[in-house]
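For reference, the chains in residue letters:
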Amino acid sequence: MIKRSQFIKNTVLGLSGALLLAACNGGDQPAAAPEADGAASSAAGDTWTVGTEPAFPPFESQGDGGELVGFDIDLMEAIGERAGATVEFQSLPFDGLIPSLQTGAIDAAISGMTITEEREQTVDFSRPYFRAGLAIAVAEDDEAIKTLSDLENKAIAVQIGTTGANQAADIPGAEVSTFDSAPLALQELSNGNVDAVINDAPVTLDAINSGNIPGVKVVGELLTEEYYGIALPSDSPNIEAINTALDELIEDGTYAEIYEKWFGTEPEGELPESAL
Ligand code: GLN
């Protein structure tokens, strides 16, 4: 289990961080133009502050100059462009994104975030924009762990606040250690300090293929099928503009272009219109 006290601590920390950000942002956020009233679904001229946790390549990471790069970054820029809104990214811890949406410190979050029923209770999601799933990673020479049940009583590293952390919490006897980012959890495995990592397959595979996490392999089937969505505050006026832009980008091939740039292949199959 992720310890509840740890969960609460992180949520509260995330929340106070968000409040701090909200306070700092107060000065330079332009007030909504009055004519925006009554045109709730039109984003023209708006600036969207979009939160992301940039340690999740190939979805979001920092380039050599510290600039944000990745599939999510390109997709969000394209959505903004299509909707006539300016996108300003804000880097936040993953477990601070939902609290920041709730306080209104950010207008949206794109961060490889799985659409889940639990999250839907506090935020809204765009239509699904990516099909992913959880995978188990182990040491390259590990022949014992192949499935979820092999993880009972094992040491598992996960990223805090993620679907991978939830999955690990349900494994009997597992000793789960939580990290602030997926690369840190994978590094722990590479260092031989844990038996396995449960994390989003595309991110684990990217870390292995890029050579960043040596001595690690993925085993077995995907544990889950998950869909990523852009998270928005409940009743956000921007949801229609974002969904319309996403639909258009998927239809006109822009989405496929961005996909190929980051994954080297064409997108497989069609995305469903809703995830749950
Ligand atoms: N897809 C996972 C989740 O939503 C992990 C996301 C992330 O770490 N950026 O929980």
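Presented here is a report on the structure given in the accompanying data block. (Residues numbered from 1 in each chain as written. Predicted model: local features only at pLDDT ≥ 70, side-chain atom pairs only at ≥ 80, totals over all residues. Heavy atoms only, no water.)

1. Looking at the pattern of salt bridges
Logical step 1: This model, assessed by the stated rule, comprises 7 salt bridges.
Logical step 2: Across the pair Arg127 and Asp247 runs a salt bridge, and its minimum N-O distance is 2.8 Å. Pair noted here: Arg127 is in the loop between β6 (123-125) and β7 (130-132) and Asp247 is in helix α8 (residues 239-251), with a separation of 120 residues, a long-range link.
Logical step 3: Given the relative accessible area of 11%, Arg127 is considered buried.
Logical step 4: Classification of Asp247 by relative accessible area gives partly exposed; the value is 34%.
Logical step 5: We note a salt bridge from Glu225 to Arg131, for which the minimum N-O separation is 3.6 Å. A residue pair is termed long-range when its members are at least 10 positions apart, and Glu225 in the loop between β12 (216-219) and β13 (226-228) and Arg131 in strand β7 qualify at 94 residues. (Salt bridge = Lys/Arg side-chain N within 4 Å of Asp/Glu carboxyl O. Helix = DSSP H or I, 4+ residues; strand = E, 2+ residues; numbered from the N terminus. Buried < 20%, exposed > 50% of the residue type's maximum accessible area, 1.4 Å probe, protein only.)

2. Considerations on the site of the ligand
Logical step 1: Around the ligand sit Phe56, Phe94, Ser111, Gly112, Met113, Thr114, Arg119, Gln159, Thr162, Thr163, Asp200 and Tyr228, and those are all the residues in its vicinity.
Logical step 2: A distance of 2.8 Å separates a nitrogen atom of the ligand from a polar atom in the backbone of Gly112.
Logical step 3: Contact between the ligand and Asp200: a nitrogen atom at 2.6 Å from a side-chain N or O atom of the residue.
Logical step 4: Taken by itself the ligand offers 290 Å² of open surface, and the protein chains cover 100% of this. (Near = heavy atom within 4 Å. Polar contact = N/O pair within 3.5 Å; in protein donor to acceptor, adjacent residues only side chain to side chain. Areas by Shrake-Rupley, 256 points an atom, 1.4 Å probe, with all protein chains shown as cover.)

3. Thoughts on the packing of helix α2 (residues 71-83) against α8
Logical step 1: In contact at an axis separation of 9 Å, α2 and α8 are set at 110° when each is read in the N-to-C sense. Regarding the angle of α2 to α8, the classification is roughly perpendicular. Side by side, α2 and α8 meet where Leu75, Met76, Ala78, Ile79, Arg82 and Ala83 of the first sit next to Ala241, Ile242, Ala245, Leu246, Glu248 and Leu249 of the second.
Logical step 2: Residue composition of the contact of α2 with α8, grouped by class: 10 nonpolar, no polar and 2 charged. (Axes fitted to C-alpha atoms, helices over the stretch in contact; angles between N-to-C directions. Parallel < 35°, antiparallel > 145°, perpendicular 65-115°, else oblique. Contact = heavy atoms within 4.5 Å. Nonpolar A, V, L, I, M, F, W, Y, C, P; charged D, E, K, R; others polar.)

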